[in-house]
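A structural walkthrough
If you want the building blocks of each chain, they are given just below.
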There are 2 protein chains.
Amino acid sequence: MAKSADIYYKVDPWRVVETGFDKEYAVVSESIFSLGNEYMGTRGSFDEGYSGDGLIGNYFNGIYEGADLEKSGYKGIISRTEFIVNSADWLYTRIEADGECADLNTSTFEDFERVLDLKTGILTRSYTWILKSGKKVRLEFERFLSMKEAEIAVQKIKITPLNFSGEVILYSGIDFTQIHHMTGRSMWNVADTTFEEDGITMLGNTVSTDQSLFVSCRFQCDYEEKSDIREDKKLVRRFLLRAEEGKTLSFTKLIRNISRKGTTSQEKDAFQGKCAENSKILAALSYEELKEDTLKWWEDTWNDSDIAIEGDELNQQGIRFCIFQMHQTYHGADKGTIIGAKGLTGEAYSGNTFWDTEAYCLPFYIFNNTEAAKHLLEFRYLTLPEAMERAKALDCKGAFYPIATITGRECCSLWQHASLQLQASTAVAYGYWHYENITGDEEFIFEKGLPILIELSRMLATRGDWSADKTRYGFYGVMGPDEFQMMVNNNCYTNYMGKKTLEYTLDVLARCGAKAAEIYQEIIKDRGLTTEEIEYFRNIAEHMYIPYEKETGIFEQHEGYFNLPHIDIDKIPIEEFPLYHHWTYDRIYRNDMLKQPDVLMLMLMYNRDFTDAQLKSNYEYYEPRCIHESSLSPSVHSILASQLKKEEEAYKFFGFATRMDLDNYNRNTGEGLHTTSIAAAWMNIVYGFGGMRSDGKELTFAPALPKEWKSYSFKIHFGGDVLFVSVDKDNMKISTKKGSGIQVLIYEKPYTLGQEELVVPIAR
Amino acid sequence: MAKSADIYYKVDPWRVVETGFDKEYAVVSESIFSLGNEYMGTRGSFDEGYSGDGLIGNYFNGIYEGADLEKSGYKGIISRTEFIVNSADWLYTRIEADGECADLNTSTFEDFERVLDLKTGILTRSYTWILKSGKKVRLEFERFLSMKEAEIAVQKIKITPLNFSGEVILYSGIDFTQIHHMTGRSMWNVADTTFEEDGITMLGNTVSTDQSLFVSCRFQCDYEEKSDIREDKKLVRRFLLRAEEGKTLSFTKLIRNISRKGTTSQEKDAFQGKCAENSKILAALSYEELKEDTLKWWEDTWNDSDIAIEGDELNQQGIRFCIFQMHQTYHGADKGTIIGAKGLTGEAYSGNTFWDTEAYCLPFYIFNNTEAAKHLLEFRYLTLPEAMERAKALDCKGAFYPIATITGRECCSLWQHASLQLQASTAVAYGYWHYENITGDEEFIFEKGLPILIELSRMLATRGDWSADKTRYGFYGVMGPDEFQMMVNNNCYTNYMGKKTLEYTLDVLARCGAKAAEIYQEIIKDRGLTTEEIEYFRNIAEHMYIPYEKETGIFEQHEGYFNLPHIDIDKIPIEEFPLYHHWTYDRIYRNDMLKQPDVLMLMLMYNRDFTDAQLKSNYEYYEPRCIHESSLSPSVHSILASQLKKEEEAYKFFGFATRMDLDNYNRNTGEGLHTTSIAAAWMNIVYGFGGMRSDGKELTFAPALPKEWKSYSFKIHFGGDVLFVSVDKDNMKISTKKGSGIQVLIYEKPYTLGQEELVVPIAR
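None of the values given here were measured: they were computed from a predicted structure.

Here's the deal with the UniProt feature "domain: Glycoside hydrolase family 65 N-terminal" (unreviewed entry) in chain A
What UniProt calls "domain: Glycoside hydrolase family 65 N-terminal" (unreviewed entry) maps, in this numbering, to residues 17–255 of chain A. Structurally, residues 17–255 of chain A is divided into 3% helix and 53% strand, and its ends, taken at the C-alpha atoms, are 26 Å apart.

Below you can see the structure in the form of structure tokens.
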């Protein structure tokens, strides 16, 4: 991996601290100090404005715009794409004294500190602003998003003149002029604006998708004079503050943002209703209560979610940052919200969600917030109609899930991904299966999973084909998870996942038929599923071709992969990375180099299907061919290296994931956080060092302690209980919160867990 | 083949005749009645204007414009494309009487006839125009392009009032408002316009490529009054004619068009010079002389180029139309001109030239006009620098020739073609080799061929790679001639052609070193070619992998092709053709269906490398898998079917090529003629039924007579002489024009040819 850490923030177990401000890190810090509560997200931009490089970004889950693409002459290539849009800057502030404006790009300042408290979700920042005259003003900023009332955000600003008394002017407002940075265009028409006695309201509508955003705020502060400045898409109130030396002036802005995603009259009415009662609700808000509720939310969350590492401050901070971001990005507050590739922290990847959701994020939620996991899966149920449309566009029956989407429609304009990658579809089946395997929530699977599974199987039965001699079924012209091998036949991962999807469909069909005949009959009828179809599903599952070399135990990534020219990836000069920028497009595909795990990904997802000997052969064959250009790659390798007792390799691949963004490994954190990589970091500890496996009949553990650490502990929601696991060099200790008699395997031996700590010696 | 003939024109051995005008065929007829002389081309639009569907097109070889493409994030994908531009309508005419305008879309008319005389290159048209008042005017139009003075075009109009005397108004001018139809934009800035005493001149400059076009005309007619109408980009002279019943008024417009392709000051000076002497040159032109010269040119050309077929009027007309178009499109008048995919008859394929030039057109010129063949090859020499730039852009050394080009730069915006198809490059080597094999022109090969061959070999040595076990060299991630198999490895055609290119390079290097040491040393030095490189060329040529199944004698189209799912192409519903419009893009690539010959193409190009048994196995394997969606496909199959004595198949595939455009088989003749298909039609008779092979040491013949024919004859330029070949059901007769003692093989037996007819019985 041609990647190195760029350590900038202070290492601290519970906080991300920036001491002194380096402009070079301004944009990266905006991503790092992002706040989110699933409903909305705001980048860590400076409230008071900043004339240097920056990307003010305020996003709402599901608020998007679209753009027509150059029309392709070919069928199945999309003609319109969709992307999350930047919205209003509701933290808009300017601070003026002696005709000067506070601006960290041009002003003189000292004692700068910015702190993101992972324990509480509160972002604070302070510095002393030195005016040209020598006057000094201490500025303190605080902001948080309510974790209880998702529409509410809070900003608090304290101003203290340190060596003078006089006037300070504070401007505060709502700014709808922010553009969508990737297209350079504003995506909002402002429909209504009001200056109220103690606040501002603005209503914006997206330019083409008929969505709305109502942004409002209430000011709390003592001022001498106020006046209003109205611009085209920006409303600002000017407060003249009388400042006394040594005394702190406090300014609070309570913000309520109501977004309307849906376009039905029902949804429009509900939105109108929410807007109508706005002043009442805003008036009733209390800064203290909001803060208390949010602190409580985070306290509860950490109690059952924390991972503690003794002896490794860097990774301690790193993993907590990851866990914090996962909860910020998504916690199942709403059905139909998604996890964008960058969460709500930037515009890169257009706010689209990918198969990473089911493959990497879902395990975190299954074991931390089961309800959230269920809601995440429901997004695919809600967008089954769009997936069926997409299948039709691709000349298939059934459902073909998009590679990248906000609304369920395909947003990926590159046909080589959108048309050739089946893993978004098979990952949906995997997600439902994984969820059921852990929760046993058969009802949900029957009702919401089965319709999807039937349509997925139909797609698999029409997208695939039989080999020339008609003995083997498989998928031709595909790209597997490894995006460096394009347009291949019988990709092992794709075929295997296809087989698993079909088998799971048959299994759920059988169980539903036996246990819930009514639902079964209804679904069969709804879907028009015939016995012949079911038999064909069984037939292709049985004949699915899995390329495998018996002598070596190596699965062939795809038919013909073993004959490809070999590249010694260690000999590629470091300056040629990332390869997409330095190698011609097609050159990347002409050899045995991998971007990310493909066969190995499979061996993690269905880990217990494979022997350790098989895993070893495949790991040792594929890992040296992988350049880990995907941020998700190292964690998968770390987990499998742990299983193979390759402790050094496991640890080497691990560090990257937890601190991916904090240390800006890919030098693109400024575009937004690598949310799905963050999810993999959690798996890296729990599945990797903890050796947990969740794909078998029982939950299993096979823990080990990295020699660099003293101990570590993690928590797992399972069977309606919470498991507390800690590992040191001698023992694994495990207990449960409620003592509900959960059974697990540890080093393949069965144990029943209670509230009392079970101590199992670490296997050497 | 889901294609059928749409016979509209009258069948005639030497003419294309349209009797009565059907608007449905207006656009198709514009293509069919196109005139060209390599330098310029004009579609057969109605001189007097037409308010119905039409595509007025006037093109100049090498006059082009460019457009920036959506920037790709990937390396090696082009960011700008180039296309031939429509230019001024120099035939602009309007005819008015009683306030009515002649317009075949709205006027009443009778006795319409349009005739393209293939023997003379003269296009005539006449009809009787019936005014609302019942007045009848006979209109006769004639036009031709000078084949001696390429810049000169001639238009003659005759007007005869049949049943009245009175005024007729004729407008004649030059119209620079014509748009480039594909972009909908005018590509010309008009710089200078002049009404002269007896004519008009206009100077236009292309909007971005700094090229110029000077269009001028001189009028010859008796008129009563004249006046001038000047519009922004259009100059028109109005002639008031006094018409007497039964008397014919004659109007002649002599047109001189000077185009400037090059942008050097030298080229600009030359252009200025030509413009300056324009009025003198125009004044000296004589309609009669121009016509006489052109008739003579065509007479000479037909004397040595004609193919006569007895007993098949349809194909007789078809093949003469093809031969006529080949000479119109290109006859080697200039170095650096190209054969666009549609010649100079339309905008489709952007006027770009493809590998078809060397693969399909070159044989026609080698055996009809050796100098033209040489000039055609020189285009690739002149654009070697651009091919080297392209290779660099694709991370290769040496030269990578473009898939589609006007200026030598790649114009194909689809990376899957532009980056994956190597056949444009290997076809250049094939073209030089084929030319040398027939002409023995070693000097040309040493001077112009060798530098290209060295750079092509360098490209092949860097674009290809070694198999995993390092025993076999080949090309990975390619698309062969068959465009339905994309991103494949070790495509048999590509590897074989690569091997041939390398071997020919080594051969020419050795011969040049031995026979022309000075040139050799200079080239080696210029190119910096090392002994190690030469050895590596030898090494990869020797180890080139040619996928071949010994038991069956079948070459595998590419590694893994034999395992692909099989499609019974006869079961594809006819309404799903063309597949590109009805199947999703990727679906086309997921089976064993071919668009056009790939292995079989190879077996035609290097025919004598393969045994008849091998040809039979491969033909019988691949032909049933081929849907012939390329217009070039049937001819190749026809030729090989002839060789295999599959007479019915040979004849079935043949008819398509000769009448491809006349019968509008692909329903897109309106976009322009299928010029390269036309070239294949010639090969179809000479190589097919004539059984000629030109890839061995001797020229060979193995003629057969289709049972539908009485006899046929063709002419071949060879060894500085012309061979006259005729075939009837009993005998082949062969003689030469000069009796220069040429040796050939007939049915593999050697003969020396003289002026006296040699008679060889037809083999059964």
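Once the structure has been displayed, the description carries forward.
Quick notes on the environment of Tyr747 of chain A
All names here are of chain A. Positionally, Tyr747 belongs in the loop between β29 (743–746) and β30 (749–752). Since its relative accessible area comes to 24%, Tyr747 is described here as partly exposed. Along the chain, Tyr747 and Glu48 lie 699 residues apart, while their C-alpha atoms are 56 Å from each other. Other than its neighbours up to four places away in sequence, Tyr747 contacts Phe701, Ala702, Pro703, Val760, Pro761, Ile762 and Ala763. A polar contact is formed between the side chain of Tyr747 and the backbone oxygen of Pro703, at a distance of 2.6 Å.

Topic: the UniProt feature "active site" (unreviewed entry) in chain A
Residue and element names in this part refer to chain A. Per the UniProt record, "active site" (unreviewed entry) is found at Glu483. Summarising the element assignment, Glu483 is placed in the loop between β22 (473–474) and α12 (492–515). Every residue in contact with Glu483, bar those within four places of it in the chain, is listed here: His417, Gln421, Tyr580, Tyr589, Lys595 and Gln596. At a separation of 3.3 Å, a polar atom in the side chain of Glu483 contacts the side chain of Gln421.

Digging into the nonpolar core
Formed by 214 residues in total, the largest nonpolar core has its most connected members in Tyr365, Phe367, Trp682, Phe701 and Leu723 of chain B. Listed in part, the 213 residues of the second largest apolar core include Ile200, Leu394, Cys396 and Phe400 of chain A.

What about the interface of chain A and chain B?
Opposite the 42 residues of chain A that make contact, chain B presents 42 residues. Carbon and sulfur atoms make up 58% of the area that chain A and chain B hide from each other, which totals about 3,500 Å². Three residues stand out in chain A for area buried against chain B, namely Tyr74, Tyr585 and Arg590 of chain A, and they jointly supply 18% of the buried area on that side. Run the count over chain A and chain B and you get four salt bridges. Ionic pairing is found between Arg587 of chain A and Asp395 of chain B, a salt bridge with its closest N-O pair at 2.7 Å. Counting across the chain A and chain B interface gives 16 residue pairs in polar contact (both at pLDDT 80 or more). If you list the elements that add at least two residues to the side of chain A that touches chain B, you get α9 (415–418), β21 (465–466) and α15 (579–582) of chain A.

Considerations on the relation of the copies chain A and chain B
When chain A is fitted to chain B, the best match, at an RMSD of 0.0 Å, comes from turning it 180 degrees and sliding it 0.0 Å along the axis. The superposition of one copy onto the other is thereby described by a two-fold rotation axis. Looking at the rotation axis and the C-alpha trace of chain A, the residue lying nearest is Met487 of chain A, at 3.2 Å. Counting the interface residues of chain A, we find that 100% of their copies in chain B are interface residues as well, pointing to one common contact surface.

Side note on the sheet that holds β30 of chain A
Residue and element names in this part refer to chain A. One open sheet holds the three strands; their spatial order is β25-β29-β30, and the pairing between them is mixed. A single partner strand is all that each edge strand has here, and the edge strands are β25 (699–701) and β30. Sheet twist, expressed as the mean angle between neighbouring strand axes with direction ignored, is 35 degrees. Bridging between β29 and β30 involves four bridges; their strand directions are antiparallel. Residue pairing for β30: Leu745 is matched across the bridge by Pro750.

Concerning helix α6 (residues 356–366) of chain A
Burial of α6 of chain A is extensive: eleven of the eleven residues sit out of reach of the surface. Taken together, the buried positions of α6 of chain A are Asp356, Thr357, Glu358, Ala359, Tyr360, Cys361, Leu362, Pro363, Phe364, Tyr365 and Ile366 of chain A.

Points about the pairing of strand β16 (residues 212–220) of chain A
Residue and element names in this part refer to chain A. Here β16 lies mainly inside the structure; eight of its nine residues are buried. Note that strand β15 (residues 199–206) and β16 share seven bridges and pair antiparallel. Residue pairing in the sheet places Gly204 in a bridge with Leu213 of β16. Connecting β15 to the antiparallel partner β16 that follows it, the hairpin turn spans five residues, and Asp210 within it adopts a positive phi of roughly 60 degrees. Two elements, β16 and strand β19 (residues 249–260), share nine bridges in a ladder whose sense is antiparallel. Across the sheet, residue Ser212 finds its bridge partner in β19, namely Arg260.

A few points about the sheet that holds strand β31 (residues 758–761) of chain B
Residues and elements named next belong to chain B. In spatial order, the strands read β20-β26-β27-β28-β31; together these five strands make up an open sheet with antiparallel pairing. Of all the strands in the sheet, the pair left with one neighbour each is β20 (308–310) and β31. If you compare each strand with its neighbour and ignore which way they point, the axes differ by 20 degrees on average. The pairing of strand β26 (residues 711–718) with strand β27 (residues 721–728) spans eight bridges and is classified as antiparallel.

Comments concerning the packing of helix α7 (residues 370–382) of chain B against helix α10 (residues 423–439) of chain B
All names here are of chain B. Packing of α7 against α10 leaves a shortest axis separation of 10 Å and a crossing angle of 150 degrees. For the element pair α7 / α10, the angle class is roughly antiparallel. The way α7 lies across α10 gives a crossing that is left-handed. Between α7 and α10, the residues in contact are Thr370, Ala373, Lys374, Leu377, Glu378, Arg380 and Tyr381 and Val428, Gly431, Tyr432, Tyr435 and Thr439, respectively. Residue classes in the contact of α7 with α10 are distributed as six nonpolar, three polar and three charged.

Looking at the side chain of Thr505 of chain B
Looking at where Thr505 of chain B falls in the secondary structure, it is placed in helix α12 (residues 492–515). What makes Thr505 of chain B buried here is its relative accessible area of 0%.

As for the layout of surface pockets
All names here are of chain A. Taken as a whole, the second largest pocket encloses approximately 1,100 Å³ of empty space. What lines the second largest pocket is a set of 43 residues, and nearest its centre among them are Lys261, Asp334, Lys335, Gly336 and Thr337. Looking at which element gives the most residues to the lining of the second largest pocket, the answer is helix α2 (residues 265–276), with four residues. Of the residues belonging to the lining of the second largest pocket, the class tally is 13 nonpolar, 17 polar and 13 charged.

Focus on a negative patch on the surface
Residues and elements named next belong to chain A. Judged by side-chain charge, Glu443, Glu447, Glu518, Glu522 and Asp526 come together as a negatively charged surface patch. In terms of residues, the negative patch owes the most to one element, helix α13 (residues 517–527), which gives three residues. Structurally, Asp526 can be placed in helix α13.

Here we look at unusual backbone geometry
In most cases, non-glycine residues show a negative phi, while peptide bonds are predominantly trans. Residues and elements named next belong to chain A. For the bond from Phe577 to Pro578, the omega torsion is -10 degrees, close enough to zero to count as cis. Here Pro578 shows up in the loop between β24 (554–555) and α15. With a phi close to 55 degrees, His628 is a non-glycine residue in the positive phi region. The residue His628 is located in the loop between α17 (612–622) and α18 (633–643) in this model. For His628, a relative accessible area of 1% translates into the label buried.

Regarding the pairing of strand β11 (residues 136–145) of chain B
Regular strands show a simple pattern: their side chains alternate between the two faces of the sheet. Residue and element names in this part refer to chain B. Counting buried residues along β11, eight of its ten residues qualify, which places the element largely inside the surrounding structure. Sheet topology places strand β10 (residues 122–130) next to β11; eight bridges connect them, and they run antiparallel. For Arg125, the partnering residue across the bridge sits in β11 and is Phe141. Linking β10 to β11, which pair antiparallel, is a turn of five residues; within it Gly134 sits at a positive phi near 95 degrees. Examined bridge by bridge, β11 and strand β12 (residues 152–161) share nine bridges and lie antiparallel to one another.

Things to note about the packing of aromatic side chains
All names here are of chain B. For the structure on display, the rule yields 127 aromatic pairs over all chains. With a centroid separation of 5.7 Å and 85 degrees between ring planes, the pair formed by Tyr39 and Phe60 is classed as edge-to-face. Of this pair, Tyr39 sits in the loop between β2 (35–36) and β3 (40–42) while Phe60 sits in strand β4 (residues 58–60); the two residues are 21 residues apart in sequence, bridging distant segments of the chain. On the basis of relative accessibility, which here comes to 16%, the residue Tyr39 falls in the buried class.

Points about the pattern of salt bridges
Residue and element names in this part refer to chain A. Within the structure shown, the criterion is met by 108 salt bridges over all chains. With a shortest N-O distance of 2.9 Å, Arg80 and Asp68 are connected by a salt bridge. Highlighted residues: Arg80 in strand β6 (residues 80–84) and Asp68 in strand β5 (residues 64–68), separated in sequence by twelve residues. Residues Lys75 and Asp395 are paired through a salt bridge, measuring 2.7 Å at the closest nitrogen-oxygen approach. With Lys75 in the loop between β5 and β6 and Asp395 in the loop between α8 (384–393) and α9, this residue pair connects regions lying 320 residues apart in the sequence. Using a relative accessible area of 21% as the deciding quantity, one classes Asp395 as partly exposed. Counted as one network, the salt bridges with shared partners bring together Glu436, Glu442, Asp507, Arg511 and Lys515.

Cut-offs applied
- Residues numbered from 1 in each chain as written.
- Chains lettered and ligands numbered in written order.
- Predicted model: local features only at pLDDT ≥ 70, side-chain atom pairs only at ≥ 80, totals over all residues.
- Heavy atoms only, no water.
- UniProt positions renumbered as here; feature names shortened; annotations may be inferred.
- Helix = DSSP H or I, 4+ residues; strand = E, 2+ residues; numbered from the N terminus.
- Buried < 20%, exposed > 50% of the residue type's maximum accessible area, 1.4 Å probe, protein only.
- Contact = heavy atoms within 4.5 Å.
- Polar contact = N/O pair within 3.5 Å; in protein donor to acceptor, adjacent residues only side chain to side chain.
- Core = buried A, V, L, I, M, F, W, Y, C linked by side-chain atoms within 4.5 Å.
- Buried area = accessible area lost by both parts, 1.4 Å probe.
- Salt bridge = Lys/Arg side-chain N within 4 Å of Asp/Glu carboxyl O.
- Least-squares fit on C-alpha atoms with pLDDT ≥ 70 in both.
- Pairing = 2+ DSSP bridges.
- Axes fitted to C-alpha atoms, helices over the stretch in contact; angles between N-to-C directions.
- Parallel < 35°, antiparallel > 145°, perpendicular 65-115°, else oblique.
- Left-handed = near helix turned anticlockwise from the far one by under 90°.
- Nonpolar A, V, L, I, M, F, W, Y, C, P; charged D, E, K, R; others polar.
- 1 Å grid on protein atoms, 1.4 Å probe; cavity = no way out; pocket = protein on both sides within 12 Å on 5 of 7 lines; lining within 4 Å.
- Points joined across faces, edges and corners; volume = space filled by probe spheres on them.
- Patch = residues over 30% accessible without salt bridge, like charges linked within 9 Å, V, L, I, M, F, W, Y side chains within 5 Å.
- Areas by Shrake-Rupley, 256 points an atom, 1.4 Å probe, with all protein chains shown as cover.
- Lys, Arg positive; Asp, Glu negative; His and termini not counted.
- Charge placed at Lys NZ, Arg CZ, Asp CG, Glu CD.
- Phe/Tyr/Trp six-rings, centres within 6.5 Å; stacked < 30°, edge-to-face > 60°.

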